[in-house]
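Secondary and tertiary structure notes
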Amino acid sequence: ITADEWARAIASIQEAQTICLACHVNPDGDALGSMLAFAQALRAMDKPFVASFGDAFVVPRILRFLPALDLLTHPDDYPAEPDVMVTFDAASRDRLGSLAANARKADEVIVLDHHSSNTRFGTTHLVDPGAAATAAVAEELIGRLGVPLTHDMALDLYVGLVTDTGSFKYAATTPEVHALAGRLLATGIQPEIVSREVWDRAPFGYLPVLAGALGRATLEPDVAGGLGMVWTTVTRADRAEYDLPYDLIEGVIDIVRRTDEAEVAIVFKEDDEGAWQVSTRSKGRVDVGLACVALGGGGHPAAAGFTLHGEVGHAVERLRELLAEIEVVTRI
Ligand code: 5GP
Ligand code: MN
Ligand code: MN
């Protein structure tokens, strides 16, 4: 991120009458956490703002403990033609869902993100592919605006950092990430409460649904040039039997990807509308982001996804083909 881009972003924010914030659809901890932290910074600056996200305006259950959720506005009440819009964790404009139309009509769009696949769809780009989370970029912007970090702002940012680094497990976990985590924790955050809320709780019905998904997991050792692929499904019918909401099955991929015999892990999650939300992971030798882009989605080299409106069997076949074509790299 160049000094010029920081300067332009700060000038726009300071001069704007109202600032319109948006994060990507079906927000994760990084998208919602960075946006809510920034909303609190604007409140501290006495700057009027609107903050929202498109499509189904439902905060995922595991994120309902985030501070400042009351600062969100329904997307129906979002200005149609914002002066200044700021987007969080969205690699492309279409990731804003129904708010993509508002972004198209905005005079200025400041894009805060860390996806290397970012399409630079705005007018000012605070995009750092080296950052572990958008939350890290948001923390720097808040600091450059001269707003001191409160406990609640830090907690929102910490959730973004923890979720996008898989609890400081992924390769993006640099010394800078731990230094940032240290600054955030110093405001009084209790990390054990965050990890319990984000990773370590579920209703009892999760256990049989998980058992079903794991029981039908399929290992295909020959896929990806012999590096192997493991995949499974979590259907709407499985969840209905145990009244399990869709957003509680996001973590199934974290168990499936443990499989030693598979470089690539995939979970097809059927949502309440009957579409499949597909999570893909690699251990670092195959770029699953490329495969997901080819299937209309996106993401990072080791963690990516796409939405499927067709049959799982066809998508698995396409993934086999794509993974055969993608050049194997030795590290991510
Ligand atoms: P997850 O499997 O945790 O839902 O998503 C992993 C990563 O893949 C996310 O951080 C996001 O970057 C990307 N991703 C997931 N689903 C989609 C999708 O439908 N479209 C795009 N463009 N990216 C996705
Ligand atoms: Mn995200
Ligand atoms: Mn992110």
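Rules behind the numbers
- Residues numbered from 1 in each chain as written.
- Chains lettered and ligands numbered in written order.
- Predicted model: local features only at pLDDT ≥ 70, side-chain atom pairs only at ≥ 80, totals over all residues.
- Heavy atoms only, no water.
- Near = heavy atom within 4 Å.
- Polar contact = N/O pair within 3.5 Å; in protein donor to acceptor, adjacent residues only side chain to side chain.
- Areas by Shrake-Rupley, 256 points an atom, 1.4 Å probe, with all protein chains shown as cover.
- Helix = DSSP H or I, 4+ residues; strand = E, 2+ residues; numbered from the N terminus.
- Donors = N, O, S within 2.8 Å, 3.2 Å for Na, K, Ca; no water.
- Core = buried A, V, L, I, M, F, W, Y, C linked by side-chain atoms within 4.5 Å.
- Buried < 20%, exposed > 50% of the residue type's maximum accessible area, 1.4 Å probe, protein only.
- Contact = heavy atoms within 4.5 Å.
- Expected span 1.5 Å × (residues − 1).
- Arc of directions from axis to C-beta.
- Domains from an automatic or database assignment.
- Salt bridge = Lys/Arg side-chain N within 4 Å of Asp/Glu carboxyl O.
- Nonpolar A, V, L, I, M, F, W, Y, C, P; charged D, E, K, R; others polar.
- Pairing = 2+ DSSP bridges.
- Right-handed = clockwise from strand over helix to strand, strands pointing away.

Turning our attention to the site of ligand 1. Looking at ligand 1, there are 13 residues lining it, with H115, S279, R281, G298 and A304 nearest. Between H115 and ligand 1, the recorded distance is 2.9 Å, taken from a side-chain N or O atom to an oxygen atom. Here an oxygen atom of ligand 1 and a backbone polar atom of G305 are 3.2 Å apart. Relative to its free-state accessible area of 500 Å², ligand 1 is covered by the protein chains to the extent of 77%. At the level of secondary structure, the elements contributing two or more residues to the shell around ligand 1 comprise β9 (276–282), β10 (298–299) and β11 (303–308).

Next up on the list: the coordination of the manganese ion (ligand 3). Each protein donor to the manganese ion (ligand 3) is listed here as D30 (OD), D89 (OD), H114 (NE2) and D164 (OD); together their distances run 2.1 to 2.3 Å. In the primary structure, the donors to the manganese ion (ligand 3) are separated according to the pattern D-x58-D-x24-H-x49-D.

Bringing the nonpolar core into the picture now. Counting 57 residues, the largest nonpolar core has L21, L32, F38, L112 and L141 as the members making the most contacts within it. If you tally residues by element for this core, the top one is helix α2 (residues 29–44), at nine residues. Those residues in contact with L112 that sit more than four places away from it in its chain are V86, T87, F88, D89, A90, L126, T134, V137, A138 and L141. The next biggest cluster of nonpolar side chains, apart from the first, holds 24 residues, and it includes M229, I266, F268 and L308.

For helix α12 (residues 312–325), built from 14 residues, the straight-helix expectation of 20 Å at 1.5 Å per residue is met to within 8% by its first-to-last C-alpha distance of 20 Å. Within α12, burial applies to V312, A315, V316, L319, L322 and L323. Buried residues along α12 cover an arc of 125 degrees about the axis, so they all sit on one side. Every exposed residue of α12 that faces more than 90 degrees away from the buried side is listed here: H314, A324 and E325. Residues of α12 that are buried in the fold lie against β6 (218–220), β7 (229–234), β8 (264–270), β9, α11 (288–294) and β11.

Time to look at the coordination of the manganese ion (ligand 2). Protein-derived ligands of the manganese ion (ligand 2) are H24 (NE2), D28 (OD) and D89 (OD), with the metal-ligand distances lying across 2.0 to 2.3 Å. Positions of the donor residues of the manganese ion (ligand 2), expressed as sequence spacing, correspond to H-x3-D-x60-D. Between the two metals, the manganese ion (ligand 2) and the manganese ion (ligand 3), the spacing is 3.9 Å, and D89 donates to both.

With that out of the way, let us pick up the domain arrangement of the chain. As far as domains go, the chain holds domain 1 (3–199) and domain 2 (206–325). Each partner contributes residues to the interface: domain 1 has eleven residues there, and domain 2 has eight residues. Linking domain 1 with domain 2 are one salt bridge. Between R61 and D247 there is a salt bridge, with the nearest N and O atoms lying 3.1 Å from each other. Our count for the contact surface shared by domain 1 and domain 2 stands at two residue pairs in polar contact (both at pLDDT 80 or more). Considered class by class, the residues forming the side of domain 1 that touches domain 2 number five nonpolar, four polar and two charged.

So, on to the environment of R104. Among the secondary structure elements, R104 is positioned in helix α3 (residues 100–105). Given a relative accessible area of 55%, R104 falls into the exposed group. In this structure the C-alpha to C-alpha distance between R104 and R93, which are eleven residues apart in sequence, comes to 8.2 Å.

Okay, the environment of S52 next. Take S52: it is sitting in strand β2 (residues 49–53). Separated by 74 residues in sequence, S52 and L126 have C-alpha atoms that sit 19 Å apart. Aside from chain neighbours lying at most four places away, what touches S52 is L21, A22, C23, M35, F57, L72, T73, H74, P75, Y78 and L99. Side-chain polar atoms of S52 contact the backbone oxygen of T73, separated by 2.7 Å.

Attention now goes to the pairing of β2. Each regular strand displays side chains that alternate between the two surfaces of the sheet. Within β2, five of the five residues are buried, leaving the element largely enclosed by the surrounding structure. Here β2 shows a buried face lined by F49, A51 and F53 and a second buried face lined by V50 and S52. When strand β1 (residues 19–23) meets β2, the two strands line up parallel, connected through five bridges. Residue pairing for β2: I19 is matched across the bridge by F49. You can see the chain leave β1, run along α2 and come back into β2, and the turn it takes is right-handed.

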